[in-house]
Amino acid sequence: MSVKVYKKFRITQNDFHREIGEEYMLPVLLSFGLLFGILGVLSPRFRTFFGSLLFFVMFLTMVFNNGNVDYDSYVRNFNNSDFEHENLFSYIEFLSKSIGLTYSEFFIAVMAISMILIFVTLRRLNVNLSSFYLLYFLYPFCLDVVQVRNFFACAIVFYSLPWLLINDKRHKIYYIVGVLIASGIHTISLVYLLILLYEVIKNSKSLKIIFSVTVFLLIVFTLNVGRLGSYLIFLQTQMYNLLNETRVYEMSLDDVGERGYIIFYSVHFMNLLLLHLCNKDFDSRNQEYRKTVHTKCMIKDGIRAKQYIEIVMWINIVLTIFIPLYRFQATLFRITRNLMIINYSGLLVYNQFSINNGKKRIINVAYIALVVFLFYFEIVRGDNSIRIFKPILVNNWLN
């Protein structure tokens, strides 16, 4: 498969190392954007201003991308009206084509809507935009540029999440509708309906025990797949049929080893541990919390902040039930990957309302280290830099 570049050159997946021309406007612009983000972290007074500048640069990087590893496939499906994607996304493609949009225009619209949904949600949570977008740029921004449907669905789920802060049936229905819309874009979004069970599990000691034992046994089974026989074959077949996917993690991690999927188990549990520490540390505070100044923010005090951090932590706990399946199905790791945006917001709400101390610094350093590792492992390690990272910098209408 080739990736088209609409300028002076054409680059294929096997030939990204050649000289690519003299126009580097996007990399330079992105470098300034990242500098703005760092200034926003170092200058809390101007965090919104610098964070908005970084958002704008990343917005241009994403919406004006015109070539990546999946781009040709999306163009083909759009032009042929194949309806190979989920129903809602296919109908959106069909309607867009029927009103005369090209795929490039459709791509720009979808990515712009997704980026704006995330930005609006961050403003509702009143977190540090600079910190969020620096973390997000490292991981999983580059993957989101490539995987259009997954990103669109993830943005809708994230936009719907703050409605759970309002504990009434109407706003829970809003959340359910948001998740159902997202699942019409990408089926994997259906798992976020299970978040509604967190209050039931949280308030029942017996359910906590049952849930923990179930996850433990599933992990033990997946680490000893040689003993599972027909169960393993059946489970693999069901996963392939459900997601129309044929890859398993040994194939995508063949240079890491047969047990490479354990890295992704570790990523999920590291997220869970750090969020648990945020929640526990926040719990131990008795002082008056700082109030936010953004009047439309849904988190105006420490009580709501505590509630949001707890929701984010329990999202990770409930979705732990799926991590044993990462052993068989590469696509399912998107569950944890999509949680990263939600987890960043929880971490930054914790930072917004907590005092500076040693625990806070340790949590932040550990989370930064985790994100840097994911950036290396999934974005720039080996052929990933050729397939994912470089095309995003090179293939853009701004270059």
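What counts, and where the lines are drawn
- Residues numbered from 1 in each chain as written.
- Predicted model: local features only at pLDDT ≥ 70, side-chain atom pairs only at ≥ 80, totals over all residues.
- Heavy atoms only, no water.
- Helix = DSSP H or I, 4+ residues; strand = E, 2+ residues; numbered from the N terminus.
- Buried < 20%, exposed > 50% of the residue type's maximum accessible area, 1.4 Å probe, protein only.
- Areas by Shrake-Rupley, 256 points an atom, 1.4 Å probe, with all protein chains shown as cover.
- 1 Å grid on protein atoms, 1.4 Å probe; cavity = no way out; pocket = protein on both sides within 12 Å on 5 of 7 lines; lining within 4 Å.
- Points joined across faces, edges and corners; volume = space filled by probe spheres on them.
- Nonpolar A, V, L, I, M, F, W, Y, C, P; charged D, E, K, R; others polar.
- Bend = angle between axes of the 7 residues up to and from the residue.
- Polar contact = N/O pair within 3.5 Å; in protein donor to acceptor, adjacent residues only side chain to side chain.
- Axes fitted to C-alpha atoms, helices over the stretch in contact; angles between N-to-C directions.
- Parallel < 35°, antiparallel > 145°, perpendicular 65-115°, else oblique.
- Left-handed = near helix turned anticlockwise from the far one by under 90°.
- Contact = heavy atoms within 4.5 Å.
- Phe/Tyr/Trp six-rings, centres within 6.5 Å; stacked < 30°, edge-to-face > 60°.
- Salt bridge = Lys/Arg side-chain N within 4 Å of Asp/Glu carboxyl O.

Undergrad: Please give an account of the overall build of the protein that cites residues and values.
TA: Helix and strand content of the protein: 17 helices and two strands. Considering the protein as a whole, with its 399 residues, one finds that 54% of them fall into the buried category. Per element, the accessible surface of the protein, about 18300 Å² overall, is 64% carbon and sulfur.

Undergrad: Just give me the short version of empty space enclosed by the protein, but keep the residues and values in it.
TA: Counted by the stated rule, this structure contains two cavities of 30 Å³ or more. The computed volume of the largest cavity comes to approximately 60 Å³. Leu164, Ile166, Asn167, Lys172, Leu196, Tyr198 and Glu199 together form the lining of the largest cavity. Taken together, the residues of the lining of the largest cavity sort by class into four nonpolar, one polar and two charged.

Undergrad: Which residues make up helix H6 (residues 129-146), and what are the values?
TA: One turn of the α-helix equals 3.6 residues, which is why residues spaced by three or four share an orientation. The largest bend along H6 reaches roughly 60° and is located at Pro140. Extensive coverage of H6 is indicated by the burial of 16 of its 18 residues. Its side-chain oxygen placed 3.0 Å from the backbone nitrogen of Ser130, Asn128 serves as the N-cap of H6.

Undergrad: Give a detailed account of unusual backbone geometry, specifying residues and quantitative values.
TA: If a residue is not glycine, its phi is most likely negative; likewise, a peptide bond is most likely trans. Here the bond from Tyr139 into Pro140 is cis, since omega is 5°, no more than 30 degrees from zero. In this fold, Pro140 is placed in helix H6. Despite not being glycine, Asn126 shows a phi value in the positive range, around 55°. With respect to the element layout, Asn126 can be found in the loop between helix H5 (103-125) and H6.

Undergrad: Can you explain the layout of surface pockets? Please cite residues and give values.
TA: Its boundaries defined by the atoms lining it, the second largest pocket holds a volume of some 720 Å³. In this structure, the second largest pocket is lined by 23 residues; those nearest its centre are Val41, Asn128, Ser131, Asn351 and Asn364. Within the residue set of the lining of the second largest pocket, elements represented by two or more residues are H6, helix H15 (334-353) and helix H16 (358-380). The greatest single-element share of the lining of the second largest pocket, amounting to six residues, is contributed by H16.

Undergrad: Could you give an account of the packing of helix H1 (residues 25-42) against helix H2 (residues 47-63), naming the residues involved and the relevant values?
TA: Direction vectors running N to C along H1 and H2 enclose 155°, while the axes themselves pass 8 Å from each other. It follows that H1 is roughly antiparallel to H2 by the angle criterion. For the element pair H1 and H2, the recorded crossing hand is left-handed. Facing H1, whose interface residues are Leu26, Leu29, Leu30, Gly33, Leu34, Phe36, Gly37, Leu39 and Gly40, H2 presents Arg47, Phe50, Leu53, Leu54, Val57, Met58, Leu60 and Thr61. Tallied by class, residues from the contact of H1 with H2 come to twelve nonpolar, four polar and one charged.

Undergrad: Give a detailed account of the packing of aromatic side chains, specifying residues and quantitative values.
TA: All told, the structure shown has 27 aromatic pairs when counted by the stated rule. Their ring planes at 65° and their centres at 5.7 Å tell us that Phe78 and Tyr103 sit as a pair that is edge-to-face. With a gap of 25 residues between them, Phe78 in helix H3 (residues 71-80) and Tyr103 in helix H5 connect regions that are remote in the sequence. Exposure class is identical for Phe78 and Tyr103. Each is buried. Members of the aromatic cluster, connected to one another through ring pairs, are Phe55, Phe59, Phe119, Phe132, Tyr133, Tyr136, Phe137, Phe141, Tyr344 and Tyr367.

Undergrad: Describe the packing of H2 against H6, listing the residues and the values that go with them.
TA: Running from N to C, H2 and H6 cross one another at 10°; their axes reach a closest spacing of 9 Å. Accordingly, the angle class assigned to the pair H2 and H6 is roughly parallel. Contacts between H2 and H6 involve Arg47, Thr48, Phe50, Gly51, Ser52, Leu54, Phe55, Met58, Thr61 and Met62 from the first element and Leu129, Ser130, Tyr133, Leu134, Tyr136, Phe137, Phe141, Asp144 and Val145 from the second. Grouping the constituent residues of the contact of H2 with H6 by class yields twelve nonpolar, five polar and two charged.

Undergrad: Can you lay out the pattern of salt bridges for me, pointing to particular residues and giving the numbers?
TA: Enumeration according to the criterion identifies three salt bridges in this entry. Close ionic contact of Glu199 with Lys172 constitutes a salt bridge, the shortest N to O distance being 3.8 Å. With Glu199 in helix H9 (residues 198-202) and Lys172 in helix H8 (residues 169-185), the pair connects residues that are 27 residues apart, well separated along the chain. On the basis of relative accessibility, which here comes to 26%, the residue Glu199 falls in the partly exposed class.

Without other data, these values stay purely geometric and don't point to any function.
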